[in-house]
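Residues per chain, in single letters:
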Amino acid sequence: MQQPQPSGSLGEASFSLSMLREQLADTYQSIEQRIERLTGELQEARSERRNELAEKERLADRLQSLLNALPAAVLVLDGQGRVQELNPAAERLLGGPLQGASWRRLIDQLFIPQTTTGGDLLLRNGRYVALSTCPLGHEPGQILMLHDVTEKRQLQQHLEHSRRLADMGRMAATLAHQIRTPLASALLYVSQLHGMTVGNALQQRFSGRALQSLKGLEKLIADMLLFANGGGNVRERLDGAELLAQALESLQPKLAAQGIELVRHVEAGELPVEVNPTMVISALQNLLSNALQAMPEGGRLTLSLQRDATQLCFGVADNGPGIEPALQARLFEPFVSGRAAGTGLGLAVVRAVAHAMGGVVECESKPGEGATFTLRLPLAGSVPARNEAALSA
Ligand SMILES: Nc1ncnc2c1ncn2[C@@H]1O[C@H](COP(=O)(O)OP(=O)(O)OP(=O)(O)O)[C@@H](O)[C@H]1O
Ligand SMILES: [Mg+2]
């Protein structure tokens, strides 16, 4: 509303003052409104932040409960490879104290340095674990997850054992025949000797044949036992070259008798494996016997022994007739044989032994160009490739 203007300079001053007061009142009001608006916005932002924090806390609680309830062991390593966090399952599986410990040191303390079937790791407390890793992403470090696979492995072993026994049960008639044939001939020769109806030279021949039949029988039974038992927990740390030499020893006379040339390529240096020696020697002898049987008129037997980062490779190669593709496809199945006098257990034993020792056996052959069998066993002290990164974290 327009104020009545007082006359003179006092009036002008009073007028300007009243204008100023009005302006000031307006400015004050607008400032007040702004402050009110800003206070409202601030409160809104504060309450949003509080909600966000509450949500984050809820998520952290949830994550912690999940980690606590998880049956797998979880460890979080920082950039220096030290255990930053872990869940109760990790403490139960690995024991303590783990918090702050260096993962590298824990590896030496907790794991047995040896490759096991399927890439699982063996803890010193006898449990088998499967290890998976994942980088933290936004910061240096990684998450390790260890699953206890001991029961699963035991079940698998029982299943494999049952399968092998079932295989043997199915082939009981064949086995009985394989046993009866050498047994009958041994009996025949021994009964001739017993009656002493033959001269000295014949006595020698008969006792030799009886011995040969009994040895064949012994090998057959040894193979049957190896095949049925599969694994076996006796392990020794040995040199691969020594195992190969021992396997070859009993076959040297045959090699000479058949006029077979022997070529050896054995890598220099340490070639350590942690195995059951009886089983590995038996497996190698089966490969060597097959090679000799493939070259009855002589030939060349090439034995090689080489190592890579994780494996020791035994190679047995001959230049015999090779193996037909149809037979190759079923070569390692029990009771599959291409020889009239064969049981077909030899290569099944080699495969069972290879698996039990955490390795594999492979065959390469072209008909007419000989055959090469490679038995790969884990190098003692090596770890499965897929776990190497995690174990060297
Ligand atoms: N080096 C080889 N060269 C050619 N054939 C082979 C060779 N090794 C294996 N075989 C073929 O594979 C078959 C299966 O071999 P495996 O050792 O399992 O049984 P086997 O020798 O017949 O009998 P066993 O070893 O039980 O006395 C053999 O009968 C043979 O036909
Ligand atoms: Mg054989």
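Residues numbered from 1 in each chain as written. Chains lettered and ligands numbered in written order. Predicted model: local features only at pLDDT ≥ 70, side-chain atom pairs only at ≥ 80, totals over all residues. Heavy atoms only, no water.

### Observations regarding the overall build of the protein chain
Thought 1: Each helix and strand counted, the protein chain has 12 helices and 13 strands in total.
Thought 2: The C-alpha radius of gyration of the protein chain comes to 40 Å, more than 25% above the 21 Å expected for a compact globule of 393 residues.
Thought 3: Over its C-alpha atoms, taken along the principal directions, the protein chain stretches across nearly 165 × 40 × 35 Å.
Thought 4: Out of the 393 residues belonging to the protein chain, those deemed buried represent 36%.
Thought 5: Looking at the protein chain alone, contacts between residues at least 24 apart form 62% of all its contacts between residues at least 6 apart.
Thought 6: Working note: accessible area of the protein chain is about 23,600 Å², and carbon and sulfur atoms make up 54% of it.
Thought 7: Of the charged side chains in the protein chain, 37 are positive and 41 negative; the average position of the first set lies 9 Å away from that of the second. (Helix = DSSP H or I, 4+ residues; strand = E, 2+ residues; numbered from the N terminus. Rg over C-alpha atoms; globule rule 2.2 N^0.38 Å. Buried < 20%, exposed > 50% of the residue type's maximum accessible area, 1.4 Å probe, protein only. Contact = heavy atoms within 4.5 Å. Areas by Shrake-Rupley, 256 points an atom, 1.4 Å probe, with all protein chains shown as cover. Lys, Arg positive; Asp, Glu negative; His and termini not counted. Charge placed at Lys NZ, Arg CZ, Asp CG, Glu CD.)

### Things to note about helix α9 (residues 277-293)
Thought 1: The terminal C-alpha atoms of α9, which comprises 17 residues, lie 24 Å apart, in line with the 24 Å expected from a rise of 1.5 Å per residue.
Thought 2: Taking burial as the measure, the 17 residues of α9 include 13 buried ones, the bulk of the element.
Thought 3: The opening residue of α9 is N276, an N-cap whose side-chain oxygen sits 3.1 Å from the backbone nitrogen of T278. (Expected span 1.5 Å × (residues − 1). Polar contact = N/O pair within 3.5 Å; in protein donor to acceptor, adjacent residues only side chain to side chain.)

### Observations regarding the nonpolar core
Thought 1: Counting 53 residues, the largest nonpolar core has V280, L288, L301, F314, M357, F373 and L377 as its most contacted members.
Thought 2: Top element by residues in this core is α9. It accounts for nine residues.
Thought 3: Residue contributions to this core reach at least three from each of two domains, namely domain 3 (153-229) and domain 4 (234-393). (Core = buried A, V, L, I, M, F, W, Y, C linked by side-chain atoms within 4.5 Å. Domains from an automatic or database assignment.)

### Concerning the sheet that holds strand β1 (residues 73-77)
Thought 1: Across the sheet, which stays open at both edges, the six strands sit in the order β2-β1-β6-β5-β4-β3 with antiparallel pairing between neighbours. The outermost strands of the open sheet, each flanked by one partner alone, are β2 (83-86) and β3 (111-112).
Thought 2: Across three bridges, β1 lies against β2 in antiparallel orientation. The residue bridging V76 from the neighbouring strand is E85, located in β2. (Pairing = 2+ DSSP bridges.)

### Some points on the site of ligand 1
Thought 1: What surrounds ligand 1 is a group of 21 residues, the closest being N290, D318, S337, G338 and L347.
Thought 2: Here an oxygen atom of ligand 1 sits 3.0 Å away from a polar atom, N or O, in the side chain of R339.
Thought 3: Between L345 and ligand 1, the recorded distance is 3.0 Å, taken from a backbone N or O atom to an oxygen atom.
Thought 4: Bound to the protein, ligand 1 loses 90% of the 590 Å² it would expose on its own.
Thought 5: Those elements giving two or more residues to the shell around ligand 1 turn out to be α9, α11 (346-356) and β13 (371-378).
Thought 6: With three residues, α9 is the single largest residue contributor to the shell around ligand 1. (Near = heavy atom within 4 Å.)

### Observations regarding the packing of aromatic side chains
Thought 1: One pass over the structure, following the stated rule, counts three aromatic pairs.
Thought 2: Judged by centre distance (6.1 Å) and plane angle (80°), the ring pair of W103 and F111 falls under edge-to-face. In this pair, the class of W103 matches that of F111, namely buried.
Thought 3: Here Y189 and F206 contribute two aromatic rings whose centre-to-centre distance is 5.3 Å and whose plane-to-plane angle is 45°, an arrangement assigned as tilted. (Phe/Tyr/Trp six-rings, centres within 6.5 Å; stacked < 30°, edge-to-face > 60°.)

### Re the side chain of N276
Thought 1: Tracing the sequence through the fold places N276 in the loop between β9 (272-275) and α9.
Thought 2: N276 sits in the buried class, given a relative accessible area of 10%.
Thought 3: Dropping the residues within four chain positions of it, N276 is found in contact with V234, R235 and M357.

### Section: the pairing of strand β12 (residues 360-365)
Thought 1: Going residue by residue along β12, you find V361, C363 and S365 tucked away on one face and V360, E362 and E364 left uncovered on the opposite face.
Thought 2: Across six bridges, the pairing between β12 and β13 is antiparallel. Within β13, the residue paired with E364 across the bridge is T372.
Thought 3: Between β12 and β13, which follow one another and run antiparallel, lie five residues, and G368 among them has a positive phi close to 90°.

### Description of the domain arrangement of the protein chain
Thought 1: Here the protein chain is described as being made up of domain 1 (1-52), domain 2 (70-148), domain 3 (153-229) and domain 4 (234-393).
Thought 2: Each of domain 2 and domain 4 has a C-alpha centre, and the two are 35 Å apart.

### So, the packing of helix α7 (residues 240-249) against α9
Thought 1: Where α7 contacts α9, the axes come no closer than 9 Å and their chain directions differ by 55°. In terms of axis orientation, α7 runs oblique to α9. The hand of the α7/α9 crossing is right-handed. Only P277, V280, I281, L284, Q285 and L288 of α9 make contact with α7, whose side of the interface consists of L243, L244, Q246, A247 and L248. (Axes fitted to C-alpha atoms, helices over the stretch in contact; angles between N-to-C directions. Parallel < 35°, antiparallel > 145°, perpendicular 65-115°, else oblique. Left-handed = near helix turned anticlockwise from the far one by under 90°.)

### Examining the sheet that holds strand β10 (residues 299-307)
Thought 1: Across the sheet, which stays open at both edges, the five strands sit in the order β8-β10-β11-β13-β12 with mixed pairing between neighbours. Each having just a single partner strand, β8 (260-266) and β12 make up the two edges of the open sheet. Neighbouring strand axes in the sheet, compared pairwise and without regard to direction, differ in orientation by 15° on average.
Thought 2: Direction of pairing for β10 relative to strand β11 (residues 311-318): antiparallel, over a ladder of seven bridges. Directly across from S304, in β11, lies its bridge partner G315.
Thought 3: α9 contacts β8, β10, β11 and β13 of the sheet and is inclined by roughly 25° relative to β11.
Thought 4: Lying over the sheet, α11 contacts β12 and β13, oriented at roughly 140° with respect to β12.

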